[in-house]
Each structure stands twice: as structure tokens, then as C-alpha cells.
Amino acid sequence: MEPKNFGRANRRRGEVEAVLDGERRILCLTLGALAELETAFAADDLTGLASRFASGRMKSADMIRVIGAGLRGAGNVFSDDDVAAMSIEGGIAGYAGIVGDLLTATFAGTGAEATASP
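Presented here is an overview of the structure given in this document. (Residues numbered from 1 in each chain as written. Predicted model: local features only at pLDDT ≥ 70, side-chain atom pairs only at ≥ 80, totals over all residues. Heavy atoms only, no water.)

Here we look at helix α1 (residues 31–40)
At step 1: Among all positions in α1, only Ala33, Leu34, Leu37 and Glu38 are buried. For α1, the angular spread of buried residues about the axis comes to 145 degrees, placing them on one side.
At step 2: The first or second residue beyond α1 is Ala42, which carries a positive phi of 55 degrees. (Buried < 20%, exposed > 50% of the residue type's maximum accessible area, 1.4 Å probe, protein only. Helix = DSSP H or I, 4+ residues; strand = E, 2+ residues; numbered from the N terminus. Arc of directions from axis to C-beta.)

With respect to the packing of helix α3 (residues 60–73) against helix α5 (residues 91–107)
At step 1: Relative to each other, α3 and α5 sit at 55 degrees, their axes nearing to 10 Å. Relative to α5, the element α3 lies oblique. In this structure, α3 crosses over α5, and the sense of that crossing is left-handed. Of the residues in α5, those touching α3 at Met63, Val66, Ile67 and Gly70 are Ile92, Tyr95, Ala96, Ile98, Val99, Leu102 and Leu103.
At step 2: Its residues assigned to classes, the contact of α3 with α5 comprises 10 nonpolar, 1 polar and no charged. (Axes fitted to C-alpha atoms, helices over the stretch in contact; angles between N-to-C directions. Parallel < 35°, antiparallel > 145°, perpendicular 65-115°, else oblique. Left-handed = near helix turned anticlockwise from the far one by under 90°. Contact = heavy atoms within 4.5 Å. Nonpolar A, V, L, I, M, F, W, Y, C, P; charged D, E, K, R; others polar.)

Structural notes on the side chain of Asn76
At step 1: Relative to the helices and strands, Asn76 is located in the loop between α3 and α4 (80–85).
At step 2: The class of Asn76 is buried, set by a relative accessible area of 17%.
At step 3: Within the local environment of Asn76, its side chain forms a polar contact with the backbone oxygen of Ile26, the two atoms lying 2.9 Å apart.
At step 4: When sequence neighbours within four positions are dropped, the list of residues in contact with Asn76 reads Arg25, Ile26 and Leu71. (Polar contact = N/O pair within 3.5 Å; in protein donor to acceptor, adjacent residues only side chain to side chain.)

Digging into the packing of aromatic side chains
At step 1: Per the stated rule, a full pass over the model turns up 2 aromatic pairs.
At step 2: Centre to centre, the rings of Phe41 and Phe53 are 5.6 Å apart; their planes meet at 90 degrees, and the pair counts as edge-to-face. Of this pair, Phe41 sits in the loop between α1 and α2 (46–54) while Phe53 sits in helix α2, placing them 12 residues apart in sequence. Phe53 shares its class with Phe41; the two are buried.
At step 3: For the ring pair Phe53 and Phe107, a centre distance of 6.4 Å and an interplane angle of 55 degrees mean the geometry is tilted. With Phe53 in helix α2 and Phe107 in helix α5, the pair connects residues that are 54 residues apart, well separated along the chain. (Phe/Tyr/Trp six-rings, centres within 6.5 Å; stacked < 30°, edge-to-face > 60°.)

In short, shape yes, function no, at least from these values alone.
Structure below.
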């Protein structure tokens, strides 16, 4: 699933935009959100966290945590339980697309690959 680019998200800041429960939302894995994920995934550091995500293997609960942390990092007030109840177009592939887009925006840096429009 291709990343969405609706125009409000600033990819240079690691932001992505996604439609969750019919509403456009900004997600961003800020330093605080990354610290939350390090704790949730018992990662020793950012390299360990990035390696875990690079494996390509994620459980549904992992996707909920990443999306929840991204929403909270962008200032939205949602618990992981709220995220688990959200619907998205495309079902599981849609959720995976959001997670992939968010991780790419966070870990790819500010080069052309992180700012290119689909």
C-alpha cells in the first residue's frame, strides 16, 4: 500500500498523515514516542528498535503500539485501546501501510526518499 500524502504532514519532521476512523490524522514518532516504543518492545536503544522493525515481522499488537505512539507523538490523545478499535480503509494492509510509512519517515532521514510524493 502506498503512503498517503494529503498535504498537512511535514515529512522533514517525520510526520505522516493517515485516515483513521474516517478522520485525517497526523502521526509522528517524536523522541518521546520512540522512547515509549523502546520500552514497549524492550529495545536497548534506537538501533535495536530500528533492527526490530527492519525484520519485517510485526504482530497486530505491534502495529497498534506504533500507530498509537505516532498519534500521541503528533499531539493526538488516543490510547492503544482506542487505536485497536479504529477502522481504516484497506483493513490489515491499510494498517501495515501506515506503520511502514511512519517508520520510513522516522528512520529514513530527510533525504529525497523521505520527502518524495507518491
